[in-house]
Amino acid sequence: MSADAPLDSLGSDDTRRLTRRGFGVMGVGIRREPWMFALAVVLSLLFGVMTVADAWVLGWATDHVITPSFADGEVARGGLYTGIILFIVAALLRMIGVIGRRLAGGVVFYRLVRDDRLRVTRQYLQLPLRWHHRHPAGQLLSNANADVEATWSVFMPLPMALGVIAMLLAAIGTMAAADPVLTLIGLVVFPLLFVVNAVYQRWQGPRLALAQSLRGDVSAVAHESFDGALVVKSLGREGDETARFARVSERLRDANVAVGRVRAVFDPVIEALPNLGVLLVIGVGAQRIASGAAAPGDVVQVAFLFTVVAMPVRSFGWVLGELPRAVIGWHRVRRVLDDDDHMPYGERALPGSGAVRLDVTGLDYAHPDEPDTTVLRDVEFSVPAGRVVAVVGSTGSGKSTLTSLVTRLVDADAGAVRYDGVRVQELSQAALTSTAALVAQSTFLFDDTVRANIVLDREIPEDRIWSVLRDVQADRFVADLPQGLDTQLGERGTSLSGGQRQRIALARALAREPRLLVMDDATSALDPDVEQRILRALAERSESGSGPSVLVVAYRKATIGLADEVIFLANGKIADRGTHAELRDRSRAYRNIVDAYDQAREEVDHE
Amino acid sequence: MSEPRDGGLKVIRRGLSMSPSITEGLGLTMLLALVSTAGGAIVPLVVRRAIDDGLAGGGGVDTDAIIRSVSIAAVVILAIMVTGWWSKVRIFTSTERGLAELRISAFRHVHDLSTLTQNTQRRGALVSRVTSDVDQISQFLQFAGMMMITSVGQMLVALVVMAALSWQLTLVVLVAFVPLALALRFFASAMSRAYDRVRASIADMLAVIAEPVVGAAVVRSYGVEERTQERIDQAVRTNYRNNVRAQTITAGTFGSAIIVGGIANAAVLGIGLWLGMLDQLTMGTVVAFIFLVGLFTGPAQQATQVIADAQNAIASWRRVIELLETPADVVDPGSSGTRLPDGDLDARFVQVEFSYPGGPPVLRDIEVSIPARQRVAVVGETGSGKTTFAKLLTRLMDPTRGQVLLSGVDISQVGFADLRRHVLMVPQEGFLFDATLGENLRYGRFEADDEELVQAIAALGLADWYAGLPRGLDTPVGQRGESLSAGERQLVALVRSALADPDLLVLDEATSAVDPQTELRATRALDRLLAGRTSVTIAHRLSTAENADRVLVFDGGRLVEDGTHAELVALGGVYARLHASWVAQASLDG
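Draft legend 1. Layout of the overall build of chain A. Each helix and strand counted, chain A has 22 helices and 10 strands in total. In terms of overall dimensions, chain A is more spread out than a globule: its C-alpha atoms have a radius of gyration of 36 Å, far above the 25 Å expected for 607 residues. Dimensions of chain A, computed from C-alpha atoms along their principal axes, come out at roughly 120 × 50 × 45 Å. Sorting the 607 residues of chain A into buried and exposed places 57% on the buried side. Considering only residue pairs separated by 6 or more positions, chain A has 76% of its internal contacts joining residues 24 or more positions apart. As presented, chain A carries roughly 23,800 Å² of accessible surface, and 54% of it is formed by carbon and sulfur atoms. Each charge sign in chain A was given a centre, from 65 positive and 72 negative side chains, and these centres are 3 Å apart.

See below:
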């Protein structure tokens with residue numbers, strides 16, 4: 001949200017520039033959907049013209065049917081039939097116009113929204129992970145949803161507003177044909193309606209924008225407060241949180257009331273204007289008729305015109321009202337679409353099968369936002385094919401970053417990562433993802449079935465899935481789920497415990513039979529003996545040559561004990577390396593970490 | 001959701017009674033709104049008078065009479081501008097005030113519900129209770145609801161005026177509009193179904209759109225961009241189709257009101273003339289009726305939209321009411337509660353049982369007494385009930401049966417403010433607020449200054465880690481604290497608990513993601529800092545148990561073993577087994 005702050009304060013933005021940019025957004029939309037938009041406008045013109053025709057029919061009927069009938073005391077039959085047909089035909093055409101305009105206009109809007117959603121999400125899938133790390137998830141979700149809608153919602157009233165232009169011109173035309181003096185009233189009242197609507201939108205614009213952004217604040221506070229419920233509750237901060245929420249809610253309330261006050265002033269004025277126009281027409285019309293300058297039908301027709309035109313003219317106000325949202329929305333959407341950050345994949349495949357050798361040389365990495373603080377410096381090690389290497393280091397020493405670098409989620413600032421001697425940058429994405437599998441510290445599961453979460457885009461036979469589930473000790477709880485493998489997970493499905501989720505994530509990695517498996521503290525939520533059973537089975541398979549090479553971030557000594565070599569990371573550098581026994585012998589810092597519990601136990605024993 | 005639901009009117013009545021600010025002065029507001037609406041009928045009446053006063057007559061125009069009625073009408077219109085303004089200001093002010101109160105009390109109520117901490121996946125839905133649901137109600141009350149009232153008012157006024165002018169023509173107009181009214185019922189239910197589908201497809205779409213964002217790393221590392229994109233495409237396109245379908249129904253309703261209006265006009269013209277010839281009505285009446293028909297078509301056009309909005313709003317209102325009517329299961333006795341004595345705190349569980357609604361007991365027959373100043377370790381496999389034990393001990397939940405006593409006082413009788421000052425639980429998930437490190441630490445003690453915060457960090461042996469943070473206390477931690485690693489978040493929570501300085505500290509695997517050395521250093525320092533306090537620690541790293549004064553072992557929802565580490569190892573039961581496997585891991589290579 002904070003990144004958008006300059007644009008949210010539109011009050012200071014030059015209104016003319018804003019309007020111009022708003023028209024620019026409309027232009028983009030029209031160019032994308034020219035035919036459907038044209039159809040909507042044509043039908044809207046039909047509606048506009050037929051609305052005027054409706055009034056003209058009433059005027060015509062007054063002069064040619066009603067007046068003569070009452071004058072003669074006998075129904076003017078021919079005229080009556082014509083009048084009836086005209087009324088119905090005008091209504092029919094108006095109906096076609098309004099249905100068509102709403103449908104075609106709606107299709108334009110929904111298509112623009114759909115297409116941009118698809119564009120934005122494709123971009124999310126294409127932009128590299130470092131880009132994702134720089135943008136909060138909440139912002140990206142709102143880009144794909146609310147911002148896309150805000151950009152194009154101007155297209156809902158736009159065809160109607162354009163049709164209104166035709167309607168007004170037709171109205172002025174028929175008035176001019178009826179009586180020049182009454183036309184003058186129209187020439188005063190119609191522009192006045194425009195002006196009032198425009199002033200209204202200008203007043204309302206900043207107030208609406210404020211209310212909108214406060215609505216975002218209210219939602220953000222609620223989200224965060226409910227997310228952190230356990231912390232709020234355990235620290236007894238419910239009252240403070242409620243006060244925090246009350247503060248934003250009350251600001252929103254005041255902003256909404258401010259919007260309402262402006263509305264309360266303008267709505268009655270906008271409703272009254274055409275009515276006052278009708279009265280003026282009748283007052284002036286009476287004198288025109290008295291002086292013989294106008295026929296009664298002319299007066300009735302012009303009066304009726306005022307009543308039918310008033311509502312549609314408001315659509316101009318709606319278009320103006322949507323402009324600021326459109327400009328902000330488009331700016332945000334474009335920022336995603338125009339970002340050309342990318343991490344190109346190579347074209348090489350990785351021949352052979354079975355475990356690969358991982359070589360890491362001279363790896364440097366700093367956070368893009370904090371270039372002065374090194375996360376990793378000159379990291380160099382290898383995982384020979386089929387071997388298990390453990391990475392040990394204290395909290396915050398750069399272990400997780402290392403796992404993203406070796407699986408090429410992120411590229412290093414310097415140095416190289418190679419699989420079987422091939423730089424990962426040269427590999428195609430397919431080669432990369434079919435070679436290495438990362439099981440991350442925090443588990444992400446898709447809102448999909450257990451099966452889909454394991455197989456993803458592969459075809460994996462049922463018995464293979466179950467055998468992997470057995471490997472990760474998950475077969476029993478999956479079998480106990482209501483629909484087994486086809487149980488839906490997620491918001492509207494079954495929720496799993498942290499340990500169960502981790503096992504599904506592990507199964508997902510193993511089911512792909514990776515040639516390099518990277519685990520970043522991926523078993524932290526499991527009971528120690530469950531973890532042991534899983535890891536031991538894995539190490540045995542690697543040893544027998546049927547398993548992958550494994551790089552594992554771990555704290556537990558049993559896990560580390562399974563490794564052929566241990567890399568000891570401290571402050572982003574490799575402080576030492578060797579077998580667990582070697583490191584224990586020569587590195588006091590290493591001992592302090594891995595033997596912490598033993599040291600503690602000894603102290604207890606000596607107490 | 002299959003149980004019978006309250007009807008719409010009942011929901012509205014119940015909702016209004018929950019937000020008395022909305023109904024305050026509602027009578028006057030409605031009266032003003034109706035006056036404004038009624039004023040709209042003045043124009044057709046003036047038209048009629050003017051025509052009958054000779055505008056279209058053969059015998060000359062009575063200009064003075066026309067000017068007189070026009071002037072009166074102008075005054076009426078100016079007057080209804082004022083009443084219109086006044087009614088709108090009133091409705092906006094009262095509804096916003098009432099709904100802000102509703103929003104805030106619903107928010108507070110959510111925090112008092114244990115589902116919030118038990119079922120994390122329902123959180124999104126709870127957020128919409130206090131955001132979009134309330135917005136929906138406000139939208140309805142201020143626009144559709146008002147429009148409903150004024151539309152009905154407008155139609156009634158038009159009907160009365162029509163009936164006064166000519167009952168025969170009134171009948172004609174009604175005959176034209178009755179089929180439309182019947183059709184509207186059909187349209188409205190079709191629209192309601194269409195919008196239900198739109199809403200469902202929005203929920204699906206939001207869920208899959210979140211995948212490439214929240215699960216970016218998984219999508220990337222498994223190369224499943226294509227599959228993800230296909231799922232998104234499908235959801236987005238379904239949503240598009242549902243939107244267009246709903247739009248079609250709205251457009252159809254809008255159009256049908258127009259054609260009915262046209263038919264009514266034609267009928268008024270034909271039958272009006274025929275009646276006129278029979279001297280049943282004047283020429284002005286015929287023309288005025290055509291103006292009056294216009295007062296009917298507008299509301300008819302809006303009706304489906306209004307009905308759809310009303311259905312949405314009633315559904316939202318019902319959800320908010322249901323939320324507020326869900327009894328807060330862990331109730332704060334507030335200021336009437338008993339105060340805990342200052343200083344040492346002991347805890348006692350008396351025949352405690354706990355089960356989730358409709359489920360089997362997850363904890364039963366818990367009878368245990370923890371003396372003040374004792375350091376207790378709680379041990380057991382996943383699902384053994386140890387976290388439930390911790391939540392009952394800190395009253396994040398209430399037992400289904402039995403009692404939890406703190407220094408002899410039933411924990412449910414202790415005011416929250418007092419309870420939380422004495423008792424603190426540090427959960428496994430190290431949740432942080434999207435603020436700076438310093439602000440998050442201050443959650444433990446609001447009045448602490450920067451120096452105290454840094455001292456607390458150093459006191460837990462975390463000075464090295466802190467020195468590595470380029471911006472120190474001003475380091476932004478990001479949403480949910482995710483700019484820090486899982487272990488670092490837990491460290492922050494630990495410092496925060498030290499600052500809070502409780503008499504009873506409960507750690508629920510609070511250091512599971514921290515490296516062993518840092519963990520031991522920090523927890524020992526915490527022990528020192530809180531020396532003499534009662535502490536209960538849950539950990540699957542059994543080093544904690546080795547150091548504790550006493551170990552409680554849970555298995556299958558029961559407290560199965562209770563003793564010191566040495567006693568339990570000697571006992572050769574569950575603990576001995578867990579400990580052996582722990583030692584085996586820790587000492588794999590000697």
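So that's the structure; there's more coming.
Draft legend 2. Structural detail: the packing of helix α18 (residues 486-500) of chain B against helix α19 (residues 516-529) of chain B. All names here are of chain B. Interhelical geometry of α18 versus α19 gives an angle of 10° and a closest axis separation of 10 Å. Between α18 and α19, the crossing angle belongs to the class labelled roughly parallel. Here Leu491, Leu494, Ser497 and Ala498 of α18 come into contact with α19, specifically with Thr518, Ala522, Leu526 and Leu529. Grouping the constituent residues of the contact of α18 with α19 by class yields 6 nonpolar, 2 polar and no charged.

Draft legend 3. Region of the structure containing the pattern of salt bridges. Per the counting criterion, the structure on display carries 51 salt bridges over all chains. Of the charged contacts, one joins Arg451(A) and Asp486(A) as a salt bridge, the two residues approaching to 3.1 Å between their closest N and O atoms. A residue pair is termed long-range when its members are at least 10 positions apart, and Arg451(A) in helix α14 (residues 450-455) and Asp486(A) in the loop between α16 (475-480) and α17 (498-511) qualify at 35 residues. Judged by relative accessible area, which is 23%, Arg451(A) ranks as partly exposed. The class of Asp486(A) is partly exposed, set by a relative accessible area of 41%. Here Asp133(B) makes a salt bridge to Arg319(B), at a shortest N to O gap of 2.8 Å.

Draft legend 4. Highlighting the interface of chain B and chain A. Each partner contributes residues to the interface: chain B has 161 residues there, and chain A has 167 residues. With both sides pooled, the region where chain B packs onto chain A buries about 14,500 Å², and carbon together with sulfur makes up 69% of that total. The tally of links from chain B across to chain A stands at 4 salt bridges. With a closest N to O distance of 4.0 Å, Asp135(B) and Arg215(A) form a salt bridge. Applying the counting rule to chain B against chain A returns 23 residue pairs in polar contact (both at pLDDT 80 or more). The leading source of residues in the side of chain B that touches chain A is helix α11 (residues 225-277) of chain B, at 33 residues. When grouped by side-chain class, the residues that make up the side of chain B that touches chain A number 85 nonpolar, 43 polar and 33 charged.

Draft legend 5. View of a nonpolar patch on the surface. Nonpolar side chains collect at one region of the surface, where Val265(A), Leu28(B), Leu31(B), Val35(B), Val82(B), Trp85(B) and Trp86(B) lie side by side and expose about 610 Å² of accessible area between them. Mapped onto the nonpolar patch, the elements with two or more residues apiece are α3 (26-39) and α5 (63-111) of chain B. Structurally, the position occupied by Trp85(B) is in helix α5.

Draft legend 6. Spotlight on the nonpolar core. Core analysis: the largest hydrophobic core is formed by 146 residues, its most contacted members being Trp152(A), Phe155(A), Phe306(A) and Phe177(B). Among the elements that take part in this core, α11(B) stands out by supplying 18 residues, more than any other. Other than its neighbours up to four places away in sequence, Trp152(A) contacts Val25(A), Val28(A), Gly29(A), Arg32(A), Phe109(A), Leu112(A), Val113(A), Asp116(A) and Trp330(A). By size, the runner-up hydrophobic cluster in this structure holds 57 residues, among which are Leu469(A), Leu489(A), Leu496(A) and Leu535(A).

Draft legend 7. Focus on the packing of helix α6 (residues 137-152) of chain A against helix α11 (residues 296-337) of chain A. All names here are of chain A. Running from N to C, α6 and α11 cross one another at 140°; their axes reach a closest spacing of 8 Å. In terms of orientation, α6 and α11 fall into the oblique class. Relative to α11, α6 is oriented so that their crossing is left-handed. Facing Gln139, Asn143, Asp147, Val148, Ala150, Thr151 and Trp152 of α6, the residues of α11 in contact are Arg325, Ala326, Gly329, Trp330, Arg332, Val333, Arg335 and Val336.

Draft legend 8. Molecular detail of the packing of aromatic side chains. Within the structure shown, the criterion is met by 21 aromatic pairs over all chains. Look at Phe245(A) and Phe107(B): their rings are 4.1 Å apart centre to centre, the planes differ by 5°, and that puts the pair in the stacked class. Highlighted residues: Phe245(A) in helix α10 (residues 238-290) and Phe107(B) in helix α5, drawn from two different chains. The interplanar angle of 85° and the centroid separation of 5.1 Å between the aromatic rings of Phe444(A) and Phe446(A) together place this pair among those described as edge-to-face. An aromatic cluster is built from Phe37(A), Trp152(A), Phe155(A) and Trp330(A), whose rings are joined through pairwise contacts. One cation-aromatic arrangement involves Arg227(B) over Phe446(A); the distance from NZ or CZ to the ring centre is 5.4 Å.

Draft legend 9. Just the domain arrangement of chain A, in detail. According to the domain assignment, chain A contains domain 1 (14-337) and domain 2 (358-444 + 516-606). Computed over C-alpha atoms only, the centres of domain 1 of chain A and domain 2 of chain A are separated by 60 Å.

Draft legend 10. Geometry of the sheet that holds strand β9 (residues 550-555) of chain B. Residues and elements named next belong to chain B. The strand order β6-β7-β8-β3-β9-β10 describes an open sheet built from 6 strands, whose pairing is mixed. Of all the strands in the sheet, just β6 (423-426) and β10 (558-563) have a single pairing partner and so form its edges. Neighbour to neighbour, the strand axes of the sheet diverge by 15° on average, direction disregarded. The strands touched by α18 are β6 and β7 (504-508); relative to β6, the strand with the most contacts, the crossing angle is about 175°.

Draft legend 11. A positive patch on the surface, seen in detail. All names here are of chain B. Positive charge collects at one region of the surface, where Arg193, Arg197, Arg237, Arg241 and Arg245 lie side by side. Those elements that place two or more of their residues in the positive patch are α9 (167-214) and α11. Broken down by element, the positive patch gets its largest block of residues, 3 residues, from α11. Turning to its location among the elements, Arg241 is positioned in helix α11.

Draft legend 12. Quick look at α17(A). All names here are of chain A. Taking 1.5 Å as the rise per residue, α17 with 14 residues should run 20 Å; its terminal C-alpha atoms sit 20 Å apart, in good agreement. The buried fraction of α17 amounts to 11 of the 14 residues, a majority that puts the element mostly inside the structure. The set of residues buried in α17 consists of Gly499, Gln502, Arg503, Ile504, Ala505, Leu506, Ala507, Arg508, Ala509, Leu510 and Ala511. Looking one or two residues beyond α17, the residue adopting positive phi is Glu513, at roughly 45°.

Draft legend 13. Layout of the environment of Arg199(B). Residues and elements named next belong to chain B. As for its placement among the helices and strands, Arg199 is situated in helix α9. On the basis of relative accessibility, which here comes to 36%, the residue Arg199 falls in the partly exposed class. For Arg199 and Asn242, which are 43 residues apart along the polypeptide, the C-alpha to C-alpha distance reads 9.0 Å. A distance of 2.4 Å separates the side chain of Arg199 from the side chain of Asp196, its partner in a polar contact.

Draft legend 14. Focus on the sheet that holds strand β4 (residues 414-419) of chain A. Residue and element names in this part refer to chain A. Here we have 4 strands laid out as an open sheet, ordered β2-β1-β4-β5, and antiparallel in their pairing. For this open sheet the edge positions go to β2 (374-383) and β5 (422-423), each flanked by a neighbour on one side alone. Pairing analysis gives 2 bridges linking β4 to β5, with the strands arranged antiparallel. Across the sheet, the residue bridging to Tyr419 is Val422, located in β5. In the packing of helix α12 (residues 399-406) onto the sheet, contacts are made with β1 (358-366), β2 and β4, and the angle to β2 comes to roughly 60°.

Draft legend 15. Representation of the environment of Arg442(B) in the model. Inspection of the secondary structure assignment puts Arg442(B) in the loop between α15 (437-441) and α16 (450-459). Here the alpha-carbon distance between Arg442(B) and Leu453(B), two residues 11 residues apart in the chain, equals 7.7 Å. In this structure, Arg442(B) is in contact with Arg237(A), Ala448(B), Asp449(B), Asp450(B) and Leu453(B), ignoring residues within four places of it in sequence.

Rules behind the numbers
- Residues numbered from 1 in each chain as written.
- Chains lettered and ligands numbered in written order.
- Predicted model: local features only at pLDDT ≥ 70, side-chain atom pairs only at ≥ 80, totals over all residues.
- Heavy atoms only, no water.
- Helix = DSSP H or I, 4+ residues; strand = E, 2+ residues; numbered from the N terminus.
- Rg over C-alpha atoms; globule rule 2.2 N^0.38 Å.
- Buried < 20%, exposed > 50% of the residue type's maximum accessible area, 1.4 Å probe, protein only.
- Contact = heavy atoms within 4.5 Å.
- Areas by Shrake-Rupley, 256 points an atom, 1.4 Å probe, with all protein chains shown as cover.
- Lys, Arg positive; Asp, Glu negative; His and termini not counted.
- Charge placed at Lys NZ, Arg CZ, Asp CG, Glu CD.
- Axes fitted to C-alpha atoms, helices over the stretch in contact; angles between N-to-C directions.
- Parallel < 35°, antiparallel > 145°, perpendicular 65-115°, else oblique.
- Nonpolar A, V, L, I, M, F, W, Y, C, P; charged D, E, K, R; others polar.
- Salt bridge = Lys/Arg side-chain N within 4 Å of Asp/Glu carboxyl O.
- Buried area = accessible area lost by both parts, 1.4 Å probe.
- Polar contact = N/O pair within 3.5 Å; in protein donor to acceptor, adjacent residues only side chain to side chain.
- Patch = residues over 30% accessible without salt bridge, like charges linked within 9 Å, V, L, I, M, F, W, Y side chains within 5 Å.
- Core = buried A, V, L, I, M, F, W, Y, C linked by side-chain atoms within 4.5 Å.
- Left-handed = near helix turned anticlockwise from the far one by under 90°.
- Phe/Tyr/Trp six-rings, centres within 6.5 Å; stacked < 30°, edge-to-face > 60°.
- Lys NZ or Arg CZ within 6 Å of the ring centre and 35° of its normal.
- Domains from an automatic or database assignment.
- Pairing = 2+ DSSP bridges.
- Expected span 1.5 Å × (residues − 1).

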